[in-house]
Amino acid sequence: MKVTFLGTGTSQGVPIIGSDHPVCLSKDPKDKRLRVSVLVEWDDYTYVIDCGPDFRYQMLRAECKRIDGVIFTHEHADHVAGLDDIRPFYFRQGDIPIYAHKRVLRSLIKKYDYIFATKNKYPGAPTVITNRVKNKPFQLKELEVIPVNGKHGDLQVFGYRFGDFAYLTDMKTVKDKEIEKIKNVKVLVVNALRYEPHYSHFNLDEALDFIKKVNPGKAYLTHISHLLGFHEEVEKTLPENVFLAHDELQITI
Ligand SMILES: [Zn+2]
Ligand SMILES: [Zn+2]
C-alpha cells in the first residue's frame with residue numbers, strides 16, 4: 001500500500017493569506033501545507049480521503065489520473081470544498097463512489113444540490129454514487145476498511161483503518177474501545193494542530209499521548225497550523241517513531 005500526503009495543513013493552509021508570521025514566510029517547501037488529504041493506493045486502486053479546496057491542484061501535483069472513490073471524514077469545508085473538481089474523473093470514468101456518514105452525505109447534498117439532482121440535471125455536473133458509512137467495517141474492493149469513531153469538539157468524525165495503515169484527522173477525543181481498533185497498527189497518521197490546546201483538535205501533547213495509547217510502529221502528524229513552528233525544528237523535538245508529515249511525502253506500508 002502506498003500513501004501520499006496531498007495536504008498536511010490546517011483549515012486555512014500554511015501560509016495563511018496575508019500573514020507575516022515567520023512560518024508563513026518560510027522558504028522551506030515542507031512549511032507549505034495545503035489542506036489535509038491523502039491518496040491511498042493498493043493493487044490498481046486509488047482512493048482519496050477527503051477532497052478539500054486544494055483538491056484540483058493536489059490531483060495535478062500528484063499526477064493522479066483516476067480515482068476509485070472519495071472517503072470523507074466529516075463535512076467541514078477544508079475536507080469537502082473540492083467536490084466539484086471530481087469532474088475530470090467523472091467525465092473519464094463515470095459516476096464516482098463517495099463514502100461518508102449519513103450526516104455528512106446530507107450536508108453534501110445541501111452544499112452541492114446540483115451534483116445530487118435527479119431532474120433536469122446540468123450535463124456538466126458530476127454524478128456520485130453515495131455509500132453510507134456506519135461505525136462498522138466496509139469493503140473497498142478486496143480490502144476491509146474499519147471506521148474509527150471520534151469527536152471533533154461536539155462533531156462526530158470518522159478516521160479509517162486500511163490494513164496496517166490508520167488515518168485519523170480532526171480528532172479531539174477518541175474512546176478506548178475505538179482505540180482498540182487501531183492498536184499496534186504499523187503506520188498511524190493523526191492530527192496535531194499546535195502547542196496550545198484547542199476545543200476541537202489534538203494539540204501536540206494530546207497527539208503524542210494518543211500515539212502512546214495506540215502504540216503504532218510509526219506515527220505521522222498532520223492538520224498542522226503555522227503555530228506549531230518550522231517543520232525542521234519541530235521534527236527534532238519528536239519521539240523516535242513520530243514524524244511531521246509534509247505535503248508530497250510518500251510512505252509505503
Ligand atoms: Zn479540518
Ligand atoms: Zn474539521
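Look up: the structure comes first, before these words.
Residues numbered from 1 in each chain as written. Chains lettered and ligands numbered in written order. Predicted model: local features only at pLDDT ≥ 70, side-chain atom pairs only at ≥ 80, totals over all residues. Heavy atoms only, no water.

**Student:** Can you walk me through the overall build of the chain in this structure?
**Tutor:** The number of helices and strands found in the chain is eight helices and 14 strands. In terms of overall dimensions, the chain is globule-like: its C-alpha atoms have a radius of gyration of 17 Å, near the 18 Å expected for 253 residues. Within the chain, residue pairs in contact and separated by at least 24 positions form 63% of the contacts whose partners lie at least 6 positions apart. With the model as given, the accessible surface of the chain reaches about 11,900 Å², and the carbon-plus-sulfur share is 50%. Of the side chains in the chain, 36 bear a positive and 34 a negative charge, and the two mean positions are spaced by 6 Å. (Helix = DSSP H or I, 4+ residues; strand = E, 2+ residues; numbered from the N terminus. Rg over C-alpha atoms; globule rule 2.2 N^0.38 Å. Contact = heavy atoms within 4.5 Å. Areas by Shrake-Rupley, 256 points an atom, 1.4 Å probe, with all protein chains shown as cover. Lys, Arg positive; Asp, Glu negative; His and termini not counted. Charge placed at Lys NZ, Arg CZ, Asp CG, Glu CD.)

**Student:** Can you walk me through the coordination of the zinc ion (ligand 2) in this structure?
**Tutor:** A metal bound by six donors in octahedral fashion has ideal angles of 90 or 180 degrees, whereas one bound by four tetrahedral donors has an ideal angle of 109.5 degrees. Note on the zinc ion (ligand 2): its protein donors are H74 (NE2), H76 (ND1), H152 (NE2) and D170 (OD). The metal-donor distances range over 2.1 to 2.3 Å. Around the zinc ion (ligand 2) sit four donor atoms; with metal-centred angles ranging over 90 to 174°, the donor geometry is irregular. As a motif over one chain, the donors of the zinc ion (ligand 2) read H-x1-H-x75-H-x17-D. Here the zinc ion (ligand 1) and the zinc ion (ligand 2) are spaced 3.4 Å from one another, each receiving a donor from D170. With a gap of 78 residues between them, H74 in the loop between β4 (69–71) and α2 (77–80) and H152 in strand β8 (residues 143–152) connect regions that are remote in the sequence. Accessibility expressed as a relative area gives 0% for H74, which makes it buried. Given the relative accessible area of 5%, H152 is considered buried. (Donors = N, O, S within 2.8 Å, 3.2 Å for Na, K, Ca; no water. Tetrahedral: all angles 85-135°; square planar, octahedral: opposite > 155°, others 65-115°. Buried < 20%, exposed > 50% of the residue type's maximum accessible area, 1.4 Å probe, protein only.)

**Student:** Help me understand the side chain of D170 in this model?
**Tutor:** Structurally, D170 is set in the loop between β10 (165–168) and α6 (176–179). Of the buried charged residues, D170 lacks a salt bridge, with R103 as the closest side chain of opposite charge at 10 Å. Among residues more than four places away in sequence, those in contact with D170 are H74, D78, H79, K151, H152, V157, N191, S200, H201 and H223. (Salt bridge = Lys/Arg side-chain N within 4 Å of Asp/Glu carboxyl O.)

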